[in-house]
Amino acid sequence: MGGGARYPYPKEVWSPAGGWWTRPSNWKTNTAIMFAGIIGVSYGVWTVSAEKEYRYNEPIRPIPSMRWTKQYRDRRADKESDKS
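Residues numbered from 1 in each chain as written. Predicted model: local features only at pLDDT ≥ 70, side-chain atom pairs only at ≥ 80, totals over all residues. Heavy atoms only, no water.

(A) Looking closely at the packing of aromatic side chains. Scanning the entire structure with this criterion turns up two aromatic pairs. Ring plane angle 50 degrees and centroid distance 4.8 Å describe the contact between Trp46 and Trp68, whose orientation is recorded as tilted. Of this pair, Trp46 sits in helix 1 (residues 27-52) while Trp68 sits in the loop between helix 1 and helix 2 (70-83); the two residues are 22 residues apart in sequence, bridging distant segments of the chain. Of the residues examined, Trp68 reaches a relative accessible area of 30% and is grouped as partly exposed. Taking the centre distance of 4.9 Å and the plane angle of 70 degrees together, the rings of Tyr54 and Tyr56 count as edge-to-face. (Phe/Tyr/Trp six-rings, centres within 6.5 Å; stacked < 30°, edge-to-face > 60°. Helix = DSSP H or I, 4+ residues; strand = E, 2+ residues; numbered from the N terminus. Buried < 20%, exposed > 50% of the residue type's maximum accessible area, 1.4 Å probe, protein only.)

(B) Here's a closer look at the pattern of salt bridges. According to the stated counting rule, one finds three salt bridges in the structure shown. One salt bridge connects Arg73 with Glu51, and the closest N-O pair in it is separated by 3.0 Å. Of this pair, Arg73 sits in helix 2 while Glu51 sits in helix 1, and the two are 22 residues apart along the sequence. When salt bridges that share partners are traced, they join Glu51, Lys70 and Arg73 into one network. (Salt bridge = Lys/Arg side-chain N within 4 Å of Asp/Glu carboxyl O.)

Printed below as a string of structure tokens:
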């Protein structure tokens, strides 16, 4: 079971995935670092996108991006300060 024994493979072949039968000892650390990197980049893209997003036509009904877009956050803050 399992596809047979490991066979000899060419050592000069390079693979970005690590080659044949790779089992890096620090795979958990590598995975955590990449996960943190992906989260960091995603947060940065999200923040820049929310700051630059602007709608020229007002939506008819509320849409999710109105919660974090700068255009509507400023408007909501103005309304709350007018009520006080």
